[in-house]
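Summary of structural features
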Amino acid sequence: MRRRTVLFLLPMATVMTATAAATPDVGPASLGVPIVIAHRGASAYLPEHTLAAKAMAHAMGADFLEQDVVLTRDGQAIVLHDLYLEGVTDVARRFPDRARADGRWYAIDFSLAEIRSLRLHERLDPVTGQPVFPERFPAEIDLFRIHTLEEELSLIRGLNRSTGRTAGIYVELKHPAWHIAEGLDPVPVLMRELDRAGYRGPEDRVYIQCFEPDTLKRLREVIGTRIPLIQLIGENAWSPDLPVDFERMRTPEGLAAVAEYADGIGPWIGQIHQGLDETGAHRTTRLVADAHTAGLLVHPYTLRRDALPEGFGDFEALLRFFLVDQGVDGVFTDHPDLAVRLRRVFIGKDQPE
Ligand code: CA
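Cut-offs used in this document
Each residue is numbered by its place in its chain's sequence as written, counting from 1. Residue-level local features of this predicted model are given only where pLDDT is at least 70; pairs of side-chain atoms are given and counted only at 80 or more, and the full residue set underlies all totals for whole chains, interfaces and linings. As a rule here, side-chain values cover all heavy atoms of the structure and leave hydrogens and water aside. Distances decide who is a donor: an N, O or S atom must be within 2.8 Å of the metal, or within 3.2 Å for Na, K and Ca. Water is not included, so sites may look incomplete. Whether a residue is buried, partly exposed or exposed follows from its accessible area with a 1.4 Å probe, protein chains only, as a fraction of its type maximum: under 20%, in between, or over 50%, in that order. Per the convention used, a helix needs a DSSP run of H or I reaching at least four residues, while a strand needs a run of E reaching at least two, with both numbered from the N terminus. Any two strands between which DSSP finds at least two bridges are classified as paired. Only heavy atoms matter for contacts: two residues are in contact if any of them lie within 4.5 Å across the pair. Each salt bridge in this description consists of a side-chain nitrogen of Lys or Arg and a carboxyl oxygen of Asp or Glu lying within 4 Å of one another. Per residue, pLDDT measures the predictor's confidence, with a range of 0 to 100.

**A look at the coordination of the calcium ion**
For the calcium ion, every protein donor is listed as Glu66 (OE), Asp68 (OD) and Glu172 (OE), and the spread of their distances is 2.2 to 2.3 Å. Spacing between the donor residues of the calcium ion along the chain follows E-x1-D-x103-E. Among the residues examined, Asp68 registers a relative accessible area of 1% and is labelled buried.

**Examining the pairing of strand E5 (residues 206–210)**
Of all five residues making up E5, five are buried, and the element is well covered by its neighbours. The side-chain alternation of E5 yields two buried faces, one formed by Val206, Ile208 and Cys210 and the other by Tyr207 and Gln209. Where strand E4 (residues 168–173) lies against E5, four bridges are found, and the strand directions are parallel. The partner of Val171 across the bridge, within E5, is Ile208. As judged from the three bridges shared by E5 and strand E6 (residues 229–233), these two strands associate in the parallel manner. Within E6, the residue paired with Gln209 across the bridge is Ile230.

**Focus: the environment of Leu190**
Tracing the chain through its elements places Leu190 in helix H8 (residues 186–196). On a C-alpha basis, the gap between Leu190 and Gln76 in space is 9.4 Å, while along the polypeptide they are 114 residues apart. Leu190 has contacts with Leu149, Val171, Leu173 and Ile208, leaving out every residue within four places of it along the chain.

**With respect to the pattern of salt bridges**
Going through the model one piece at a time under the given rule, you end up with 25 salt bridges. Between Arg104 and Glu86 there is a salt bridge, and its shortest N-O distance comes to 2.9 Å. Placement of the pair is Arg104 in the loop between helix H4 (91–94) and helix H5 (112–116) and Glu86 in the loop between strand E3 (77–79) and H4, with a sequence separation of 18 residues. Note on Arg104: relative accessible area 25%, which makes it partly exposed. Accessibility expressed as a relative area gives 17% for Glu86, which makes it buried.

**Observations concerning the confidence of the model for the protein**
The predicted model of the protein has a mean per-residue pLDDT of 92, with 91% of residues at 70 or higher. A low-confidence stretch, residues 1–28 (pLDDT under 50), is modelled with 54 contacts involving residues beyond four sequence positions or located in other chains.

**Things to note about unusual backbone geometry**
Where the residue is not glycine, phi is negative for most of them; where a peptide bond is considered, it is trans in most cases. A cis geometry characterises the amide bond from Tyr301 onward to Thr302, with omega recorded as -10 degrees. Mapped onto the elements of the fold, Thr302 is located in the loop between strand E10 (297–298) and helix H13 (315–325). The phi dihedral of Arg40 falls on the positive side, at around 60 degrees, and the residue is not glycine. Tracing the sequence through the fold places Arg40 in the loop between strand E1 (35–38) and helix H3 (51–59). Here Arg40 falls in the buried class, since its relative accessible area comes to 11%.

Following this line, the structure appears as structure tokens:
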């Protein structure tokens, strides 16, 4: 359904036709338009993973709001991107003697009460102490706090009701194998939270994403969840300890293997677009087409106006490349407002059906 609709509306039919037959026709795949996923909330405008950033993303019309989940010492699921706390909080000042030997303050070493006492701010580079995105929300304004997954799901439920517009959730389990090695299994914690909040299958507008295939296989094959699963694809150089061959995963054979346990992939944008060739044309891989052939959705990360890849003059060109030229099924973006507006221009639709 979804892709057929797009075909009528886009002049790029030739690009889309190659992938039309293979795209899954179930669940969220049939939402009618490529989805806009607010990466860590409206994180271009407010510090990532704050309730404020999530409320703003909801108001901007994002279809899905992203949550990264790690556990506290007392086994509570909190919304935080890193295993560590020092990049976005004042933990180093508040708890100077609680860093591990590697000089990092791990969330799993702190109780929820301790974590709640920290002030949260815009992300700083731990080496330079300078903001990662200098033009964004001022890092010295530390009005914010880390919250639990349960609290965020409550916020979204409330906004869905008060606005009459349903935004879905898009949860990432961060480093589950590492958590298990530390003695805490995040999988049952997550599934309990989702079940309690009524997220059980695609009809509830929910995805689970993870870099670790073993966790996704466990969710699908052992736990038997109906929630759509997205295999995130990183670069092995980023996490050499992870026993996953991401390069092989991107081959047609690797993608066919992913399709056995997952509904889609979340590739890094650099695995689809690789700069410009000598004539100035985009250098692209076959990843999107190959994934569609394998029956997988494609939701690449992360589109940012203030961190454009080589070869794009502005955010509009970047979004056009992914939505129109590549025909992806959704994008992770720090700028959900721009993505929603440009999707209307390119696709002629405001939101999923
Ligand atoms: Ca994430």
